[in-house]
Amino acid sequence: MQSPLLTLFFLCLMIVVSEWLVRNTLLKYLGTTLLVILLTAVIANLGWVPSASAGSPLYDGIFNYVAPMAIFLLLLEVDLKSIRAARGSMIFLFFAGALGTVLGSLLAFSLVDTGGALGDSFHAIAGMLTGTYIGGSVNFNAVALEYGVMKEGNLFAGTAAIDNIITAIWMILSIVIPKSLQKIWPRRKTYEVAETDKAPEAVTSNDRDSIKPLDLALLLGGGALTLWVSDKLAGYLNDALGISFPSVLILTTIALVLAQSPRVKQIAGAKTLGLYAIYLFLAVIGAFCELAAVAEIGSLAVTLLFIIFIIVSTHGLVTFVLAGLFKQDWELAAVASQANVGGPSSALALAESLDREDLLLPSILIGTLGYGVGTYLGFAVAGFFTI
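Residues numbered from 1 in each chain as written. Predicted model: local features only at pLDDT ≥ 70, side-chain atom pairs only at ≥ 80, totals over all residues. Heavy atoms only, no water.

*Asks:* Help me out: how do you make sense of the overall build of the protein chain in this one?
*Replies:* Regarding its fold elements, the protein chain presents 17 helices and zero strands. The proportion of buried residues among the 387 residues of the protein chain is 54%. By sequence separation, contacts in the protein chain at least 24 residues apart represent 82% of the contacts at least 6 residues apart. (Helix = DSSP H or I, 4+ residues; strand = E, 2+ residues; numbered from the N terminus. Buried < 20%, exposed > 50% of the residue type's maximum accessible area, 1.4 Å probe, protein only. Contact = heavy atoms within 4.5 Å.)

Take a look at the structure:
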């Protein structure tokens, strides 16, 4: 296994290279977010950093600590007044996307021979893919664990690899699609970000100079304590009261309460650190685009790609068509879609990449809603195909 320190070096290098390309070349039109995913995917498949199947304690740390820390830091910038207008539309488009995922799953698996390549795992894979595109990989693993798919090593690894590849591709498309649609059919943004707000792609020298050791200690220490309290409280609610409550919602609540304090808003560096944490998270998403795992399952990969293509395409079509019919903000639709396909962390990353600070909180809240909704619908679709 490659040293986590060397892996971290390469992930940081990809962020540095992406930022340089955005600032100095025509690739600025792609943006740092896309480049981080693409470049890390390339070096992962070249073997410079561990793949998803090889695993790395660094990746676990980024998913378990860095991504939640990004949520905490970026939410410190949220003004609750800015998210009121997005609330109802976001919920509507999220459930539109969930409907699209279910319809896509029913269509895709109806076209696949139940006695073919997927064999006895047919219904389980249907549930896993339905769940993962209504809330992210948490639902994927929940359904897989229930049906024992994890014991089928190649099938599980190959399905997960294709899922990761499509998720990364959809993240890229979620940035491209709303910008393209906005040019063809302009839509008023749910909330216009002030021109004085800084774009997420660039951090000025004033930003760097204003961050002091005290700021870093307050942000990182406060974030670490909030993550610990959130996990402990979620565990207590589950063990003592039997209430399953995602720790990310507790984290979100604490961060929002703190964000309304003028003293907290005076702490410099929250957005800079939060954005860096998001880039690390996206770099790992890129590293999980593992072509070798896809090759190991041979012709089955073609079947799975066909299935997933139909699911995600139907999801996207339903989401953006309904957004168009009801004259909704294209970027809001993209974030709602990403909350389905990638979960709250991916939706947050997209909202930040689109420079939509008004959508940071809704993206997280609607993404966590997907944890429950996606699991239930995943099991429902799996059950449907056992009839």
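*Asks:* How should helix α10 (residues 247-259) be read in this particular structure?
*Replies:* Spacing of three or four residues puts side chains on the same side of an α-helix, whose turn is 3.6 residues. In this model α10 runs 18 Å from its N-terminal to its C-terminal C-alpha over 13 residues, within 8% of the 18 Å that 1.5 Å per residue would give. Of the residues making up α10, those classed as buried are Val248, Leu249, Ile250, Leu251, Thr252, Ala255, Leu256 and Ala259. Looking at the buried residues of α10, the elements they touch are α3 (57-75), α9 (213-241), α11 (262-265) and α17 (360-384). (Expected span 1.5 Å × (residues − 1).)

*Asks:* How should the pattern of salt bridges be read in this particular structure?
*Replies:* A side chain of one charge can pair with a side chain of the opposite charge when the charged atoms of the two come close. Counted according to the given criterion, the structure contains five salt bridges. Of the charged contacts in the structure, one is a salt bridge between arginine 23 and glutamate 19, with a shortest N-O distance of 3.1 Å. Placement of both arginine 23 and glutamate 19 in helix α1 (residues 4-24) is noted, with a separation of four residues, approximately one turn of the helix. Glutamate 19 sits in the buried class, given a relative accessible area of 15%. Through salt bridges that share partners, Asp329, Glu331, Arg356 and Asp358 make up one connected network. (Salt bridge = Lys/Arg side-chain N within 4 Å of Asp/Glu carboxyl O.)

*Asks:* Mind showing me how you'd approach the packing of aromatic side chains here?
*Replies:* The geometry of an aromatic ring pair comes down to the distance between the two centres and the angle between the two planes. On inspection of all chains with the given rule, the structure shows 12 aromatic pairs. For the pair tyrosine 59 and phenylalanine 288, a centre-to-centre distance of 5.7 Å together with 65° between the ring planes defines the contact as edge-to-face. Taken as a pair, tyrosine 59 in helix α3 and phenylalanine 288 in the loop between α12 (270-287) and α13 (291-296) lie far apart in primary sequence, 229 residues in all. Given the relative accessible area of 17%, phenylalanine 288 is considered buried. A network of ring pairs unites the aromatic residues Tyr59, Phe63, Phe281 and Phe288 as a single cluster. (Phe/Tyr/Trp six-rings, centres within 6.5 Å; stacked < 30°, edge-to-face > 60°.)

*Asks:* Which parts of the structure should I look at to understand the side chain of aspartate 215?
*Replies:* By the element assignment, aspartate 215 lies in helix α9. An unpaired buried charge is present at aspartate 215: no salt bridge exists, and lysine 212, the closest side chain of opposite charge, is 5.9 Å distant. Here aspartate 215 is in contact with Ser210, Ile267 and Ala268, once residues within four sequence places are set aside. (Lys, Arg positive; Asp, Glu negative; His and termini not counted.)

*Asks:* How should the packing of α1 against α3 be read in this particular structure?
*Replies:* Any two packed helices are characterised by how steeply their axes cross, that is the angle between the axes, and by the distance between the axes. Direction vectors running N to C along α1 and α3 enclose 60°, while the axes themselves pass 8 Å from each other. One element, α1, and the other, α3, form an angle in the oblique class. Contacts from Pro4, Thr7, Leu8 and Leu11 in α1 reach Pro57, Leu58, Tyr59 and Ile62 in α3. Split into classes, the residues belonging to the contact of α1 with α3 amount to seven nonpolar, one polar and no charged. (Axes fitted to C-alpha atoms, helices over the stretch in contact; angles between N-to-C directions. Parallel < 35°, antiparallel > 145°, perpendicular 65-115°, else oblique. Nonpolar A, V, L, I, M, F, W, Y, C, P; charged D, E, K, R; others polar.)

*Asks:* Whenever I open this one, the side chain of threonine 101 confuses me. Can you help?
*Replies:* Here threonine 101 is to be found in helix α4 (residues 87-110). Apart from residues lying up to four places away in sequence, threonine 101 is in contact with Thr130, Tyr133, Ile134, Ile311 and His315.

*Asks:* Can you walk me through the nonpolar core in this structure?
*Replies:* Residues Phe109, Leu118, Ile125, Leu129 and Leu282 are the most contacted members of the largest nonpolar core, which totals 114 residues. In terms of residues, this core owes the most to one element, helix α7 (residues 153-184), which gives 13 residues. Beyond its immediate stretch of four places on either side in the chain, leucine 118 contacts Phe109, Ile125, Leu155, Leu300, Leu304 and Ile307. (Core = buried A, V, L, I, M, F, W, Y, C linked by side-chain atoms within 4.5 Å.)

*Asks:* Any chance you could explain the packing of α10 against α17 here in plain terms?
*Replies:* It is the contact of α10 with α17, at a shortest axis distance of 10 Å, that shows an interaxial angle of 160°. Classified by the angle their axes make, α10 and α17 are roughly antiparallel. The way α10 lies across α17 gives a crossing that is left-handed. Taken together, the residues of α17 that come into contact with α10 (itself represented by Val248, Leu249, Thr252 and Leu256) are Leu361, Ile364, Leu365, Thr368 and Tyr371. The residue makeup of the contact of α10 with α17, split by class, is seven nonpolar, two polar and no charged. (Left-handed = near helix turned anticlockwise from the far one by under 90°.)

*Asks:* Just to check I follow, could you spell out a nonpolar patch on the surface for this structure?
*Replies:* A contiguous nonpolar patch, built from Phe92, Leu317, Val321, Leu325 and Phe326 and spanning about 510 Å² of accessible area, is present on the exposed surface. Considering every element that reaches the nonpolar patch, the biggest residue donor is helix α14 (residues 299-325), with three residues. Looking at leucine 317, the relative accessible area reads 57%, which means it is exposed. (Patch = residues over 30% accessible without salt bridge, like charges linked within 9 Å, V, L, I, M, F, W, Y side chains within 5 Å. Areas by Shrake-Rupley, 256 points an atom, 1.4 Å probe, with all protein chains shown as cover.)

*Asks:* Explain the confidence of the model for the protein chain to me, please; I cannot follow it from the model alone.
*Replies:* Reading fine detail from the predicted coordinates is not recommended where pLDDT is low. The pLDDT averaged across the protein chain works out to 83; a share of 89% of its residues lies at or above 70. The secondary structure element of the protein chain with the lowest average pLDDT is helix α8 (residues 205-210), at 48, and the one with the highest is helix α15 (residues 330-341), at 93. Taken together, the stretch residues 192-209 has pLDDT below 50 and engages in 25 contacts with residues farther than four places along the chain or on a different chain. (pLDDT = per-residue confidence, 0-100.)

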